[in-house]
Amino acid sequence: MKFLRLFVATVLVLSIFSCKEEKKAETVDTPVESGVSTFYLIRHAEKDQSDPDNVDPELTQAGLGRAMHWAEILQDAELDAVYSTDYNRTSMTASPTSVKNDIDTQYYDPNEIDIEQFKTENLNKRVLIVGHSNSTPEFANKLLGEEKYYQMDEYDNGSFFIVQIVNGVATSQKIVFNCNCPKREESL
């Protein structure tokens with residue numbers, strides 16, 4: 001009988017100590033909007049228009065020069081991500097910047113982008129987005145939450161949109177870079 005009482009007492013003591021509630025880690029709810037995110041948006045550089053039936057042309061020599069120029073312009077931006085649509089002309093435009101910053105280019109479809117998710121995934125980052133004459137200003141508008149910019153002219157390869165979101169408040173500016181990038185001369 002003594003043994004049974006000792007056994008029951010031991011089980012009770014052990015169960016009391018083992019049932020202690022574990023301390024929960026305290027979490028601080030930080031609003032998703034807090035912080036600074038900077039988005040640089042450009043249209044692809046000059047594309048080869050020699051074949052009007054080619055829906056996925058590469059860049060011309062001038063376009064390759066402009067792509068290198070964008071990499072130079074963005075060299076001090078300390079980019080965290082580079083996005084491009086999945087076309088030759090956009091990925092070729094993004095490539096020099098991507099290589100210079102040692103960042104893999106991520107591909108996106110402008111028709112299927114979830115802008116809120118995109119902003120959340122890129123919170124507190126500096127991001128380059130390469131698109132097209134219609135999708136670049138549209139993407140800037142989505143980031144801003146307003147219709148501020150319109151489709152670009154077919155020969156506008158120098159517009160540079162900067163959208164910055166600070167603690168949930170978006171501002172933007174548009175700068176035009178006139179690149180007189182020379183064509184490479186063929187070796188004689």
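A. Local environment of the packing of aromatic side chains. Taken as a whole and assessed by the stated rule, the structure comprises nine aromatic pairs. Measuring from centroid to centroid gives 5.9 Å for Phe39 and Phe118, while their planes differ by 35°, and the two rings are tilted. Within this pair, whereas Phe39 is found in strand S1 (residues 36-43), its partner Phe118 is found in helix H4 (residues 115-121), the two being separated by 79 residues in sequence. The exposure classification of Phe39 matches that of Phe118, with both residues buried. Among the aromatic residues, those joined into a ring-pair cluster are Phe39, Tyr83, Tyr108, Phe118 and Phe139.

B. A look at the packing of helix H2 (residues 61-73) against helix H3 (residues 88-100). Running from amino to carboxyl end, H2 crosses H3 at an angle of 35°, the nearest separation of the two axes being 8 Å. Like other packed secondary-structure pairs, H2 and H3 cross with a definite hand, here right-handed. In this structure, H2 uses Leu64, Ala67, Met68, Trp70, Ala71 and Glu72 to contact H3, whose residues at the interface are Met92, Thr93, Pro96, Thr97 and Lys100. Across the contact of H2 with H3, the residue classes tally to seven nonpolar, two polar and two charged.

C. Representation of the nonpolar core in the model. Phe39, Leu41, Phe118, Ile129, Phe139, Leu143 and Val163 are the most contacted members of the largest nonpolar core, which has 18 residues in total. For this core, the secondary-structure elements that each account for two or more residues are S1, strand S2 (81-84), H4, strand S4 (126-131), helix H5 (135-144) and strand S5 (159-166). Broken down by element, this core gets its largest block of residues, four residues, from H5. What Phe39 contacts, discounting residues up to four positions off in sequence, is Phe118, Asn122, Val127, Ile129, Leu143, Phe161, Ile162, Val163 and Ile165. With 13 residues, the next largest nonpolar core counts Trp70, Leu74, Ala77 and Leu79 among its residues.

D. Fine view of unusual backbone geometry. Phi at Asp102 takes a positive value of approximately 55°, unusual for a residue other than glycine. With respect to the helices and strands, Asp102 occurs in the loop between H3 and strand S3 (105-107). Classification of Asp102 as exposed rests on a relative accessible area of 74%. Despite not being glycine, Asn124 has its phi angle at roughly 65°, a positive value. The residue Asn124 is located in the loop between H4 and S4 in this model.

Conventions used here
- Residues numbered from 1 in each chain as written.
- Predicted model: local features only at pLDDT ≥ 70, side-chain atom pairs only at ≥ 80, totals over all residues.
- Heavy atoms only, no water.
- Phe/Tyr/Trp six-rings, centres within 6.5 Å; stacked < 30°, edge-to-face > 60°.
- Helix = DSSP H or I, 4+ residues; strand = E, 2+ residues; numbered from the N terminus.
- Buried < 20%, exposed > 50% of the residue type's maximum accessible area, 1.4 Å probe, protein only.
- Axes fitted to C-alpha atoms, helices over the stretch in contact; angles between N-to-C directions.
- Left-handed = near helix turned anticlockwise from the far one by under 90°.
- Contact = heavy atoms within 4.5 Å.
- Nonpolar A, V, L, I, M, F, W, Y, C, P; charged D, E, K, R; others polar.
- Core = buried A, V, L, I, M, F, W, Y, C linked by side-chain atoms within 4.5 Å.

Any functional reading would require information beyond the geometric quantities listed.
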